[in-house]
Amino acid sequence: MWKWWSPVSLFNIAQYDSFILYALALNETLAAGENPRNGPIVVRRMWNRTFEGIGGPAYVNANGDRDTDFTLLDLNPNNGEFQAI
Ligand SMILES: *[C@@H]1O[C@H](CO)[C@@H](O)[C@H](O)[C@H]1NC(C)=O
Ligand SMILES: *[C@@H]1O[C@H](CO)[C@@H](O)[C@H](O)[C@H]1NC(C)=O
């Protein structure tokens, strides 16, 4: 059966976001006149920042870990609809 949507794997989403983050850091490194082959300098620009990921704003904390926001949905038995709780 034909579907108008297709499921996108989480792996592809993470890959897209990591590529965008790398491109931003690389661009800033070049703009600052620094060596783009110096990995630690490029990576440092990926930390402690928010950027526009595929699913909205994505935040990488000062340790380089990605902090993710989730919305938990609960099925309301009275109207059969999911609601954010
Ligand atoms: C890349 O760097 C240039 C020079 O600093 C800047 O003008 C441009 O907005 C940057 N592009 C992105 C996508 O951040
Ligand atoms: C993170 O960035 C904010 C502003 O963008 C700054 O005030 C803060 O000192 C930074 N923290 C670290 C650990 O670099």
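Residues numbered from 1 in each chain as written. Chains lettered and ligands numbered in written order. Predicted model: local features only at pLDDT ≥ 70, side-chain atom pairs only at ≥ 80, totals over all residues. Heavy atoms only, no water.

*Asks:* Looking at this structure, how should I read the overall build of the chain?
*Replies:* Along the chain, the regular secondary structure elements total two helices and five strands. Start at the N end of the chain and walk to the C end: the helices and strands fall as α-α-β-β-β-β-β. Radius of gyration (C-alpha) of the chain: 18 Å, far over the 12 Å computed for a compact globule of 85 residues. The dimensions of the chain, computed from C-alpha atoms along their principal axes, are 60 × 35 × 15 Å. The contacts of the chain with a sequence gap of at least 6 include a subset with a gap of at least 24, amounting to 21%. Both charge centroids of the chain, one from 6 positive and one from 9 negative side chains, sit 12 Å from each other. (Helix = DSSP H or I, 4+ residues; strand = E, 2+ residues; numbered from the N terminus. Rg over C-alpha atoms; globule rule 2.2 N^0.38 Å. Contact = heavy atoms within 4.5 Å. Lys, Arg positive; Asp, Glu negative; His and termini not counted. Charge placed at Lys NZ, Arg CZ, Asp CG, Glu CD.)

*Asks:* Just checking my understanding: could you explain the site of ligand 1 for this structure?
*Replies:* Close to ligand 1 lie L24, N27 and A31. Notes on ligand 1: free accessible area 360 Å², of which the protein chains cover 27%. (Near = heavy atom within 4 Å. Areas by Shrake-Rupley, 256 points an atom, 1.4 Å probe, with all protein chains shown as cover.)

*Asks:* Where do I start with unusual backbone geometry in this structure?
*Replies:* Most peptide bonds adopt trans geometry, and most residues besides glycine take a negative phi value. Unusually for a residue other than glycine, N48 sits at a positive phi of about 55°. As for its position among the elements, N48 is in the loop between α2 (39-44) and β1 (49-53). Owing to a relative accessible area of 52%, N48 belongs among the exposed residues under this scheme. (Buried < 20%, exposed > 50% of the residue type's maximum accessible area, 1.4 Å probe, protein only.)

*Asks:* How should I be thinking about the sheet that holds β1 in this particular structure?
*Replies:* Taken together, the three strands give an open sheet; going across it, the order is β1-β2-β3, and neighbouring strands pair in antiparallel fashion. Pairing within the sheet leaves two strands with one partner each, and these edge strands are β1 and β3 (66-67). Here two bridges tie strand β2 (residues 56-60) to β3, and the two strands are oriented antiparallel to one another. By the bridge assignment for β3, Y59 is matched with D67. Of the strands in this sheet, β1, β2 and β3 touch helix α1 (residues 10-31), which is tilted by about 125° from β1. (Pairing = 2+ DSSP bridges. Axes fitted to C-alpha atoms, helices over the stretch in contact; angles between N-to-C directions.)

*Asks:* I keep staring at a nonpolar patch on the surface and nothing clicks. Help me out?
*Replies:* Together, L73, L75 and F82 make up a nonpolar patch on the protein surface, roughly 330 Å² of accessible area in all. One can find L73 in strand β4 (residues 73-76). (Patch = residues over 30% accessible without salt bridge, like charges linked within 9 Å, V, L, I, M, F, W, Y side chains within 5 Å. Salt bridge = Lys/Arg side-chain N within 4 Å of Asp/Glu carboxyl O.)

*Asks:* Would you take a moment to explain the side chain of N76 for this structure?
*Replies:* Checked against the element boundaries, N76 lands in strand β4. In this structure N76 comes out as buried when scored by relative accessible area, which is 15%. Side-chain polar atoms of N76 contact the backbone nitrogen of N78, separated by 2.8 Å. Each residue touching N76, except ones within four places of it in the same chain, is listed here: E81 and Q83. (Polar contact = N/O pair within 3.5 Å; in protein donor to acceptor, adjacent residues only side chain to side chain.)

That's the geometry; what it means functionally is another story.
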